[in-house]
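Spelled out, the chains give:
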Amino acid sequence: MTRVGRSFPRGLAPLAVLAGLFLLAPLAGLLARVPWADLLERLASDAVLDALVLSLQSSLAAALLVVVLGLPLAAWLASGRSSLRAVVRVLVTLPMVLPPVVGGVALLLAFGRSGLVGEPLARLFGVQFTFAFAGVVVAATYVALPFFVLTAESGLRGLDARLPTVAATLGASPWRVFTRVTLPAVAPALGAGLVLAWARALGEFGATITFAGNLEGATRTMPLAVHTALESDPEAAIVLSLLMVAVSAGLLFALRRRWFVGATTR
Amino acid sequence: MSVVAKVCGLRAACALALVATLAAACGDARPGDATTRVLASASLTRAFGELVAAYEAAHPGASLELHTAGTPRLVLQLREGAPAAVLATADRASAQRVVESGRALGAPTVFATNRLAVIARDASVADLADLARDDLVVLLCGPEVPAGRYARAALAAAGVAVRSASDEPSVSAVVAKVRLGEADAGVVYTTDAAAVAGELHGFAIEGEAAPRIEYPLLLLDGAEGDPHAAGFADFVRSAAGAAILEAHGFSAVGASGRGDDA
């Protein structure tokens, strides 16, 4: 399968191997310390199952929100060049580079009980985010949104501009062009962005514990459960970490065709 | 030709930089360097910051490095081999676990005590029993953190059933969320309550329900051959050290105090 233009200079091999080993070492460290004897018993505990269910529910809800809110934003960002778009793009990227705990504090100040938006929401509709499942979803959506928007925008920008133009010339409405031509053409990029955003939501910790709190069965997702267990029972933390690695790796593997666009043989 | 030379030069520079970085990283981890590493419970952050500065000012040549984190995190770091010379924890059980891990030199000695306090946004929270009110969002630390364990013990002893809105990871997180208005009240240490006295209401938990909160100090294997480790431990228990601890709301326990029953 070696193609011209994709050759690999031998001299890079040692560093490539080093990078692989570097990424493998933490996993090996984790695996070396797993208490295999009572692994199943520990995995079947209520606390672990609660955390796993919460993590899957909140990350999937966040992934849904990310698409619903992120796709229109990505489409607008990709639809032209202006300084306003440049500013918005910085805004979109910010949650990606901010330490999640900073995001958590900012979310508290905005959506908290006495926050800028949270206070009227609580007063008018009785909606509450802090210490509630809704807060977990908001925190995960906030940190995951940039991954989808930026990937989707880059896919939309890479689209052959003649396709929508031809469709429009043939009389299709802008909405029809978008849904029938543009979206199917960039589906791989949307899929990749969705997987990245979902993975980020699943691993979210800092903003969640700061904004949504840490209560078993309500807001304690897998990463928070690992953090909490680490303080009292490191073995339990190792078991939870193993479960997180298994779930994340399993889903990434299952979705690999979407994520590594063009990297798999079809 | 010049391109080749440039690339070669670049490669050599990169290799050198890599080697230098690795060497520096290894050098940092080498035990027996001139730095005395002090690990202290998060609740001691302000007091120990001042103690370390005072010790360094009085001992030119001493270089102390203070690391603060939740006590359980410190115990975990030590268990995994983190190099350190002095450890101060927020409970005896944690210090005992470090002793059992074989990294302690000698027994822990208690150098300070602390008390629990309730902080609240509203003056109507005036008694421990008020924390059971339905209209309040109350925060406690999780039971895995010493402050959370103490708070739960105190509430149980007083017969007050409190539903914590969240098992917060640290006392500082509880303080922050009450200050921000996300929670109405929380149980913290008096040392933390003192720092926000002008802003929040609060009272110390006294009497039968009050747990005995003791801070033990421990010399670790990193103290071997380092006079400043024992020197700093003595300073913490000295009159000057006691004055700093008291200024931060702790009750100091001198070297002759009841710290030897560990």
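None of the values given here were measured: they were computed from a predicted structure.

Caption draft 1: Summary view of the overall build of chain A. Across its full length, chain A carries 14 helices and zero strands. Ordered by position in the sequence, the α and β elements of chain A form the string α-α-α-α-α-α-α-α-α-α-α-α-α-α. Judged by the C-alpha coordinates and their principal axes, chain A covers about 65 × 65 × 30 Å. By the burial criterion, 35% of the 266 residues in chain A qualify as buried. A sequence separation of at least 24 residues applies to 74% of the contacts in chain A between residues at least 6 apart.

Caption draft 2: Structural view of the domain arrangement of chain B. All names here are of chain B. When its domains are assigned, chain B resolves into domain 1 (32–114 + 212–261) and domain 2 (116–209). Across the boundary between the two partners, domain 1 contributes twelve residues, which contact 13 residues of domain 2. By residue class, the composition of the side of domain 1 that touches domain 2 is five nonpolar, six polar and one charged.

Caption draft 3: Layout of the pairing of strand β6 (residues 138–141) of chain B. Residues and elements named next belong to chain B. Residues of β6 alternate between two faces, with V138 and L140 on one and L139 and C141 on the opposite face, all of them buried. Pairing analysis gives three bridges linking β6 to strand β7 (residues 164–168), with the strands arranged parallel. Bridged to L140 within β7 is D167. Crossover connection from β6 via helix α5 (residues 146–158) to parallel β7: handedness right-handed.

Caption draft 4: Structural view of the interface of chain B and chain A. Taken together, the contact pairs 16 residues of chain B with 17 residues of chain A. Mapped onto the side of chain B that touches chain A, the elements with two or more residues apiece are α3 (71–79) and β7 of chain B. Tallying contributions element by element places β7 of chain B first for the side of chain B that touches chain A, with four residues. When its residues are assigned to classes, the side of chain B that touches chain A shows seven nonpolar, four polar and five charged.

Caption draft 5: Layout of the environment of R256 of chain A. All names here are of chain A. Among the structural elements, R256 can be located in helix α14 (residues 256–259). What makes R256 exposed here is the crowd of 12 C-beta atoms within 10 Å. When the C-alpha positions of R256 and V195 are compared, they lie 9.1 Å apart, and in sequence the two are 61 residues distant.

Caption draft 6: Molecular detail of unusual backbone geometry. Residue and element names in this part refer to chain A. Of note, the phi angle at F131 is positive, near 60°, even though the residue is not glycine. In this fold, F131 is placed in the loop between α6 (118–125) and α7 (133–157). Residue classification places F131 among the buried residues on the basis of 24 C-beta atoms within 10 Å.

About the thresholds
- Residues numbered from 1 in each chain as written.
- Chains lettered and ligands numbered in written order.
- Predicted model: local features only at pLDDT ≥ 70, side-chain atom pairs only at ≥ 80, totals over all residues.
- Helix = DSSP H or I, 4+ residues; strand = E, 2+ residues; numbered from the N terminus.
- Buried ≥ 20, exposed ≤ 12 C-beta atoms within 10 Å, placed from the backbone.
- Contact = placed C-beta atoms within 7 Å.
- Domains from an automatic or database assignment.
- Nonpolar A, V, L, I, M, F, W, Y, C, P; charged D, E, K, R; others polar.
- Pairing = 2+ DSSP bridges.
- Right-handed = clockwise from strand over helix to strand, strands pointing away.

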